[in-house]
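# A structural walkthrough
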Amino acid sequence: MADPKGFLTTPREEWPRRPAGERVRDWDEVYVPGALLPIVGRQADRCMDCGVPFCHEACPLGNLIPEWNDLVSRSDWRAASERLHATNNFPEFTGRLCPAPCEAGCVLAINQPAVTIKNVECAIADTAWEEGFVPPLPPERLSGRAVAVIGSGPAGLAAAQQLTRAGHTVAVYERDDRIGGLLRYGIPAFKMEKRHLERRVGQMRAEGTRFRTSAAVGRDVDAAALRARYDAVVIATGATAWRELTVPGRELAGVHQAMEYLPLANRVCEGDLERSPLSAAGRHVVVVGGGDTGADCLGTAVREGAASVTQLDIYARPGAERDERAEPWPTYPRLYRLSAAHEEARDLRSAPAADADARLFAASTLRFTGDERGHVRALHLVGVDTGRRPLPGSERSLPADLVLLALGFSGPDRHDGLVDGLGLDMEPRGTITRDRGFATNVPGVFAAGDAARGQSLVVWAIAEGRAVAAAVDRHLSGGSTRLPAPVGPYDRPMTA
């Protein structure tokens with residue numbers, strides 16, 4: 001450790017955000033450009049270089065966090081990049097999008113604010129690109145084996161890059177017109193600008209990975225024929241089957257799923273559309289669902305100029321401190337966190353009816369009502385207790401011209417023909433069945449990421465992509481592989 005007393009003398013300092021009133025006028029990332037590097041060295045000094053670094057266990061990638069913290073504190077960016085990329089294909093993604101379970105597992109977090117691991121990671125990744133420390137790494141020789149990866153989200157891209165570097169010929173099939181999956185059309189640009197994605201895709205092309213866009217396997221491409229053409233197939237389509245809200249009035253116009261709304265806003269940023277058909281401009285918006293997807297809808301609606309926007313969370317407002325009995329260190333605690341979108345809604349007073357920032361906590365939707373033309377005009381809700389039971393006398397209504405459902409996802413969409421075309425077995429909860437080697441019931445077909453795990457975090461998707469690549473390489477080579485496998489298909493985050 002560069003500074004043995006750094007954690008005692010230096011307070012936690014995070015990458016500052018631009019003023020809310022400024023950043024909602026554009027779609028650029030919310031952080032102050034250039035403000036991270038001046039502070040990140042001191043923040044890396046706060047790492048205690050623990051004898052047993054629980055941040056390793058909290059991170060499914062097994063990132064070597066104390067090692068690259070020490071290297072950053074010494075300004076050895078090349079070595080820091082090498083250690084970071086040894087376990088993570090896309091640290092610029094996780095450094096912006098991951099909720100940082102590693103920080104919850106930081107030993108310093110037992111009695112102090114954790115090391116800013118996520119910010120250090122992002123600084124390493126960005127500096128590595130600026131300094132040319134991440135050139136393409138094409139294989140020295142080809143194996144003669146071909147692999148199809150279906151889906152180009154973080155799991156699919158990680159699997160494809162690992163397999164390409166191992167010498168296999170890899171083709172990635174993506175149903176949309178651009179590569180990236182959820183990273184492209186689900187994540188708003190203010191959380192991660194798409195130039196980061198384009199840069200990695202360019203690196204992968206230079207390494208030899210091939211990409212096929214507008215190719216929905218099961219619909220545009222026959223699934224069985226595809227399986228016959230390749231030595232192995234990896235399914236990494238994500239969990240795209242969204243959960244529904246079956247309440248009266250769901251059929252009204254103006255009630256949409258979050259993933260109907262967010263891709264259109266992203267297409268405006270890509271230049272495909274001048275204006276989203278579902279734009280929130282001038283409308284009273286209610287987002288049903290308290291998770292990250294709901295917050296993405298919130299930040300997008302604020303930028304589109306919504307008249308008001310409120311987010312409903314069925315859970316009670318969490319506390320500011322960890323509940324040591326229910327969620328002891330080093331598990332990831334449920335705390336009251338203020339995302340950039342919530343901060344914007346609070347500062348700009350975008351949700352006058354909310355309890356805090358833009359959220360109404362412990363709120364459950366009862367029904368929607370509309371006008372004579374069949375368009376939604378109000379959302380009726382009721383307060384609930386910790387058992388989600390309605391509280392008498394708590395019913396109220398909110399004006400709503402646009403309602404966005406952000407209730408999560410259950411697994412891959414069965415309507416695209418991929419699951420049935422390959423004859424895949426499915427779990428009762430809607431995910432693809434696989435064994436301990438990531439293999440499905442169909443010989444040579446493997447499954448990774450949210451399609452098999454269920455809805456999870458970007459860091460778990462990348463870890464699964466790396467692990468399934470090792471399983472496929474072992475299958476193709478006859479039993480051995482040099483590729484790392486950071487997680488197993490049944491591994492789960494630490495819980496009490």
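None of the values given here were measured: they were computed from a predicted structure.

### Re the nonpolar core
- Counting 80 residues, the largest nonpolar core has Trp 68, Val 72, Ile 124, Val 147, Phe 446, Val 468 and Val 472 as its most contacted members.
- The contacts of Val 472, once residues within four sequence positions are left out, are Val 147, Leu 163, Ala 232, Val 234 and Phe 446.
- Among the nonpolar cores identified, the runner-up in size contains 23 residues, and Val 233, Leu 418, Val 445 and Ala 451 belong to it.

### Regarding the sheet that holds strand 1 (residues 146-150)
- One open sheet holds the five strands; their spatial order is 3-2-1-4-15, and the pairing between them is parallel. Two strands bound the open sheet, and with one partner strand each, they are strand 3 (210-212) and strand 15 (445-447). Averaged over all neighbouring strand pairs, the angle between strand axes comes to 20°, with direction disregarded.
- By the bridge criterion, three bridges tie strand 4 (residues 232-235) to strand 15 in an arrangement that is parallel. Directly across from Ile 235, in strand 15, lies its bridge partner Ala 447.
- Along the sheet, helix 10 (residues 154-165) makes contact with strand 1, strand 2 (169-173), strand 3 and strand 4, crossing strand 2 at roughly 165°.

### Things to note about helix 12 (residues 194-207)
- Between the first and last C-alpha of helix 12 there are 20 Å, a value that for 14 residues agrees with the 20 Å anticipated at 1.5 Å per step.
- Every buried residue of helix 12 is accounted for by Lys 194, His 196, Leu 197, Arg 200, Val 201, Gln 203, Met 204 and Glu 207.
- Just past helix 12, the residue Gly 208 takes up positive phi, approximately 120°.

### Overview of unusual backbone geometry
- Residue Pro 330 follows Trp 329 across a cis peptide bond; omega there is 10°.
- Of note, Pro 330 is situated in the loop between strand 8 (308-313) and helix 16 (340-348).

### Observations regarding the packing of helix 3 (residues 37-45) against helix 5 (residues 65-73)
- Orientation of helix 3 relative to helix 5, taken along the N-to-C sense of each, is 130°, at an axis distance of 8 Å. Taken as axis vectors, helix 3 and helix 5 run oblique relative to one another. For the element pair helix 3 and helix 5, the recorded crossing hand is left-handed. Contacts from Val 40, Gly 41, Ala 44 and Asp 45 of helix 3 reach helix 5 at Asn 69, Val 72 and Ser 73.
- In terms of residue class, the contact of helix 3 with helix 5 is built from three nonpolar, three polar and one charged.

### Observations concerning the pairing of strand 1
- For strand 1, a buried count of five out of five residues is recorded, marking the element as mostly surrounded by other parts of the structure.
- Taking every second residue as pointing to the same face, both faces of strand 1 are buried, with Ala 146, Ala 148 and Ile 150 on one and Val 147 and Val 149 on the other.
- Pairing of strand 1 with strand 2 involves five bridges; the strand directions are parallel. Bridging across to strand 2, Ala 148 finds its partner in Ala 171.
- The parallel pair strand 1 and strand 2, bridged by helix 10, forms a crossover whose chirality is right-handed.
- In terms of strand pairing, strand 1 meets strand 4 through four bridges, oriented parallel. Bridge assignment links Val 147 to a residue of strand 4, and that residue is Ala 232.

### Observations regarding the state of the cysteines
- All told, the structure shown has zero disulfides when counted by the stated rule.
- Cysteine Cys 55 is unpaired, with the sulfur of Cys 47 as its nearest cysteine sulfur at 6.5 Å.
- Take Cys 55: its relative accessible area is 8%, and that puts it in the buried class.
- Here Cys 122 stays free of any disulfide, with the sulfur of Cys 98 as its closest cysteine sulfur at 12 Å.

### Observations concerning the environment of Arg 250
- Take Arg 250: it is sitting in the loop between strand 5 (241-242) and strand 6 (255-257).
- Taking the C-alpha atoms as reference points, Arg 250 and Thr 237, separated by 13 residues in sequence, lie 27 Å from one another.

Calculation rules
In this numbering scheme, every chain counts its residues from 1 along its sequence in written order. Owing to the predicted nature of the model, reporting of local features is limited to residues with pLDDT of at least 70; listing and counting of side-chain atom pairs is limited to 80 or more, with chain, interface and lining totals taken over all residues. Heavy atoms from the whole structure form the basis of all side-chain values; hydrogens and water molecules are not counted. Think of a nonpolar core as a cluster: buried Ala, Val, Leu, Ile, Met, Phe, Trp, Tyr and Cys residues, connected wherever their side-chain atoms sit within 4.5 Å. Only protein chains enter the calculation, and the probe is 1.4 Å; a residue is then buried if its accessible area is under 20% of its type maximum, exposed if over 50%, and partly exposed in between. Residues count as neighbours in contact if any of their non-hydrogen atoms are within 4.5 Å of one another. A pair of strands is considered paired only if DSSP assigns at least 2 bridges between the two. Numbering of helices and strands starts at the N terminus; helices are DSSP runs of H or I of at least 4 residues and strands are runs of E of at least 2. All axes here are fitted lines through C-alpha atoms, helices being fitted over the stretch that makes contact, and every angle between N-to-C directions spans 0 to 180 degrees. The length a helix should cover is 1.5 Å for every residue beyond the first. Throughout this description, any angle smaller than 35 degrees is read as roughly parallel, any larger than 145 degrees as roughly antiparallel, any in the 65 to 115 degree range as roughly perpendicular, and the remainder as oblique. In a left-handed crossing the near helix is turned counterclockwise from the far helix by less than a right angle, and in a right-handed crossing that turn is clockwise. Just so you know the grouping, Ala, Val, Leu, Ile, Met, Phe, Trp, Tyr, Cys and Pro go in nonpolar, Asp, Glu, Lys and Arg go in charged, and all remaining residues, Gly too, go in polar. Assignment of crossover handedness uses the view with strands pointing away from the viewer, where a clockwise path from the first strand over the helix to the second indicates a right-handed crossover. For this text, the term disulfide refers to a pair of cysteine sulfurs within 2.5 Å.

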